[in-house]
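# Descriptive structure summary
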Amino acid sequence: AYESLLDQARPMISTPEINAEEPVLLMYTSGTTGSPKGALLPARKVFFNSLNASIYFDNAPSDRVLVVAPLFHSLALQILALPILRAGGALVLQSEFNPEAVWDAVDRFGITYFGGVPAMHQRLNDALSSQPRDRWKRSDLRFVFTAGSAASVELIRSFQERGILMIQ
(Lines give C-alpha, C1' and ligand atoms only; values in the text may rest on other atoms or scores of the structure.)
Protein backbone atom coordinates (compact mmCIF):
# COMPACT_ATOMS: atom_id res chain seq x y z
CA ALA A 1 0.00 0.00 0.00
CA TYR A 2 2.74 2.44 1.00
CA GLU A 3 4.83 1.57 -2.04
CA SER A 4 1.90 2.08 -4.40
CA LEU A 5 1.29 5.53 -2.94
CA LEU A 6 4.95 6.37 -3.46
CA ASP A 7 4.71 5.18 -7.07
CA GLN A 8 1.74 7.51 -7.65
CA ALA A 9 3.37 10.55 -6.03
CA ARG A 10 4.69 13.32 -8.22
CA PRO A 11 8.05 14.84 -7.24
CA MET A 12 7.96 18.29 -5.70
CA ILE A 13 9.45 20.70 -8.22
CA SER A 14 9.86 23.64 -5.87
CA THR A 15 9.27 24.60 -2.30
CA PRO A 16 7.19 27.63 -1.37
CA GLU A 17 9.01 30.77 -0.32
CA ILE A 18 8.93 31.46 3.38
CA ASN A 19 8.41 34.94 4.73
CA ALA A 20 11.35 35.64 7.08
CA GLU A 21 8.99 37.27 9.59
CA GLU A 22 6.53 34.35 9.56
CA PRO A 23 6.30 32.72 13.02
CA VAL A 24 7.53 29.13 12.88
CA LEU A 25 8.46 28.11 16.42
CA LEU A 26 7.02 28.63 19.90
CA MET A 27 9.75 28.34 22.54
CA TYR A 28 9.21 28.90 26.23
CA THR A 29 11.51 31.15 28.21
CA SER A 30 13.05 30.09 31.50
CA GLY A 31 11.48 32.97 33.38
CA THR A 32 14.76 34.45 34.58
CA THR A 33 13.35 37.99 34.27
CA GLY A 34 9.80 37.14 35.34
CA SER A 35 7.28 34.40 34.71
CA PRO A 36 8.06 31.91 31.93
CA LYS A 37 6.28 32.79 28.72
CA GLY A 38 5.96 31.59 25.17
CA ALA A 39 8.15 33.38 22.64
CA LEU A 40 6.98 33.08 19.06
CA LEU A 41 10.09 32.99 16.88
CA PRO A 42 10.12 34.08 13.24
CA ALA A 43 11.68 31.96 10.50
CA ARG A 44 14.69 34.29 10.24
CA LYS A 45 15.62 33.79 13.91
CA VAL A 46 15.36 30.00 13.72
CA PHE A 47 17.36 30.00 10.46
CA PHE A 48 20.13 32.28 11.76
CA ASN A 49 20.36 30.48 15.13
CA SER A 50 20.91 27.28 13.16
CA LEU A 51 23.34 28.88 10.71
CA ASN A 52 25.40 30.58 13.44
CA ALA A 53 25.67 27.40 15.52
CA SER A 54 26.58 25.40 12.43
CA ILE A 55 29.37 27.87 11.58
CA TYR A 56 30.59 28.06 15.19
CA PHE A 57 30.71 24.25 15.53
CA ASP A 58 32.12 23.84 12.00
CA ASN A 59 29.41 21.28 11.29
CA ALA A 60 29.93 18.72 8.55
CA PRO A 61 27.81 15.86 7.21
CA SER A 62 30.19 13.48 8.99
CA ASP A 63 29.30 14.91 12.44
CA ARG A 64 27.18 12.94 14.86
CA VAL A 65 25.61 14.98 17.66
CA LEU A 66 24.18 13.63 20.89
CA VAL A 67 21.27 15.51 22.49
CA VAL A 68 20.37 14.65 26.06
CA ALA A 69 18.63 17.92 26.99
CA PRO A 70 14.89 18.12 26.32
CA LEU A 71 13.99 19.34 22.83
CA PHE A 72 11.70 22.02 24.25
CA HIS A 73 14.89 23.71 25.45
CA SER A 74 16.64 26.12 23.08
CA LEU A 75 20.06 24.50 23.65
CA ALA A 76 18.79 21.09 22.55
CA LEU A 77 16.63 22.18 19.62
CA GLN A 78 18.14 25.37 18.20
CA ILE A 79 21.81 25.02 19.11
CA LEU A 80 22.33 21.25 18.74
CA ALA A 81 19.55 19.46 16.81
CA LEU A 82 18.53 21.86 14.02
CA PRO A 83 22.09 22.94 13.08
CA ILE A 84 23.36 19.38 12.66
CA LEU A 85 20.30 18.40 10.64
CA ARG A 86 20.82 21.51 8.48
CA ALA A 87 24.42 20.40 7.88
CA GLY A 88 23.32 16.89 6.89
CA GLY A 89 24.87 15.23 9.94
CA ALA A 90 23.39 12.65 12.28
CA LEU A 91 21.42 13.28 15.44
CA VAL A 92 21.27 10.86 18.36
CA LEU A 93 18.61 11.53 21.01
CA GLN A 94 18.57 10.17 24.55
CA SER A 95 15.35 10.28 26.55
CA GLU A 96 17.04 11.22 29.82
CA PHE A 97 20.35 12.41 31.14
CA ASN A 98 22.53 9.67 32.57
CA PRO A 99 26.30 10.34 32.57
CA GLU A 100 27.33 6.73 31.94
CA ALA A 101 24.79 6.40 29.13
CA VAL A 102 26.16 9.59 27.56
CA TRP A 103 29.73 8.24 27.51
CA ASP A 104 28.46 4.87 26.24
CA ALA A 105 26.63 6.64 23.38
CA VAL A 106 29.71 8.72 22.56
CA ASP A 107 31.63 5.49 21.96
CA ARG A 108 28.80 3.43 20.44
CA PHE A 109 27.65 6.04 17.89
CA GLY A 110 30.94 7.84 17.27
CA ILE A 111 29.58 11.11 18.64
CA THR A 112 31.64 14.09 17.51
CA TYR A 113 30.15 16.60 19.97
CA PHE A 114 27.35 17.16 22.44
CA GLY A 115 26.20 19.92 24.76
CA GLY A 116 24.70 20.56 28.12
CA VAL A 117 24.73 22.86 31.10
CA PRO A 118 27.68 22.96 33.54
CA ALA A 119 25.86 20.83 36.14
CA MET A 120 25.52 18.06 33.53
CA HIS A 121 29.18 18.37 32.59
CA GLN A 122 30.19 18.12 36.24
CA ARG A 123 28.31 14.81 36.50
CA LEU A 124 29.92 13.65 33.24
CA ASN A 125 33.32 14.55 34.66
CA ASP A 126 32.52 12.68 37.89
CA ALA A 127 31.56 9.61 35.84
CA LEU A 128 34.90 9.74 34.03
CA SER A 129 36.70 10.05 37.39
CA SER A 130 34.91 7.05 38.87
CA GLN A 131 35.77 4.61 36.07
CA PRO A 132 39.04 3.16 34.73
CA ARG A 133 40.68 5.69 32.42
CA ASP A 134 40.25 3.44 29.36
CA ARG A 135 36.56 2.52 29.85
CA TRP A 136 35.39 5.10 27.30
CA LYS A 137 37.56 5.74 24.25
CA ARG A 138 35.83 8.90 22.97
CA SER A 139 37.87 8.53 19.77
CA ASP A 140 35.55 10.62 17.54
CA LEU A 141 34.72 13.31 20.11
CA ARG A 142 35.89 16.74 18.89
CA PHE A 143 34.58 18.78 21.82
CA VAL A 144 31.82 19.22 24.40
CA PHE A 145 29.75 22.38 24.52
CA THR A 146 28.42 24.06 27.63
CA ALA A 147 25.90 26.88 27.97
CA GLY A 148 23.34 28.31 30.37
CA SER A 149 25.90 29.51 32.89
CA ALA A 150 29.66 29.72 33.10
CA ALA A 151 31.59 26.50 33.63
CA SER A 152 34.24 26.64 36.33
CA VAL A 153 37.89 26.83 35.36
CA GLU A 154 38.45 23.61 37.33
CA LEU A 155 35.83 21.75 35.29
CA ILE A 156 37.28 23.00 32.00
CA ARG A 157 40.78 21.97 33.09
CA SER A 158 39.59 18.57 34.26
CA PHE A 159 38.13 17.86 30.81
CA GLN A 160 41.29 19.24 29.20
CA GLU A 161 43.45 16.86 31.27
CA ARG A 162 41.43 14.01 29.75
CA GLY A 163 42.01 15.33 26.25
CA ILE A 164 38.49 16.75 25.91
CA LEU A 165 38.03 20.30 24.65
CA MET A 166 35.19 22.14 26.39
CA ILE A 167 33.82 25.24 24.67
CA GLN A 168 31.31 27.75 26.01
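The structure contained in this document is the topic of the report that follows. (Residues numbered from 1 in each chain as written. Predicted model: local features only at pLDDT ≥ 70, side-chain atom pairs only at ≥ 80, totals over all residues. Heavy atoms only, no water.)

### Focus: helix α4 (residues 99-109)
Those residues of α4 lying buried are Pro 99, Val 102, Trp 103, Ala 105 and Val 106. Angularly, the buried residues of α4 cover 155° about the axis, an arc narrow enough to put them on a single face. Regarding α4, its N-cap is Asn 98, as a side-chain oxygen of that residue lies 3.0 Å from the backbone nitrogen of Glu 100 further along. Positive phi shows up at Gly 110, right after α4, with a value of about 65°. (Buried < 20%, exposed > 50% of the residue type's maximum accessible area, 1.4 Å probe, protein only. Helix = DSSP H or I, 4+ residues; strand = E, 2+ residues; numbered from the N terminus. Arc of directions from axis to C-beta. Polar contact = N/O pair within 3.5 Å; in protein donor to acceptor, adjacent residues only side chain to side chain.)

### Concerning helix α6 (residues 153-161)
Among all positions in α6, only Leu 155, Ser 158 and Phe 159 are buried. For α6, the angular spread of the buried residues around the axis is 95°, confining them to a single face. Along α6, the residues that are exposed and aim more than 90 degrees away from the buried face are Glu 154, Arg 157, Gln 160 and Glu 161. In the core, the buried residues of α6 are packed alongside α4, α5 (118-130), β6 (143-146) and β7 (166-167). (Contact = heavy atoms within 4.5 Å.)

### Details of the layout of surface pockets
Space inside the largest pocket adds up to approximately 220 Å³. What lines the largest pocket is simply Met 27, Tyr 28, Thr 29, Ser 30, Ala 39, Leu 41, Lys 45, Asn 49, Phe 72, His 73, Ser 74 and Gln 78. At the level of elements, β1 (23-28), β2 (38-42), α2 (43-57) and α3 (74-86) are the ones that each hand at least two residues to the lining of the largest pocket. For the lining of the largest pocket, the class distribution of residues is five nonpolar, six polar and one charged. (1 Å grid on protein atoms, 1.4 Å probe; cavity = no way out; pocket = protein on both sides within 12 Å on 5 of 7 lines; lining within 4 Å. Points joined across faces, edges and corners; volume = space filled by probe spheres on them. Nonpolar A, V, L, I, M, F, W, Y, C, P; charged D, E, K, R; others polar.)

Everything listed is a geometric property; what it means functionally is a separate question.
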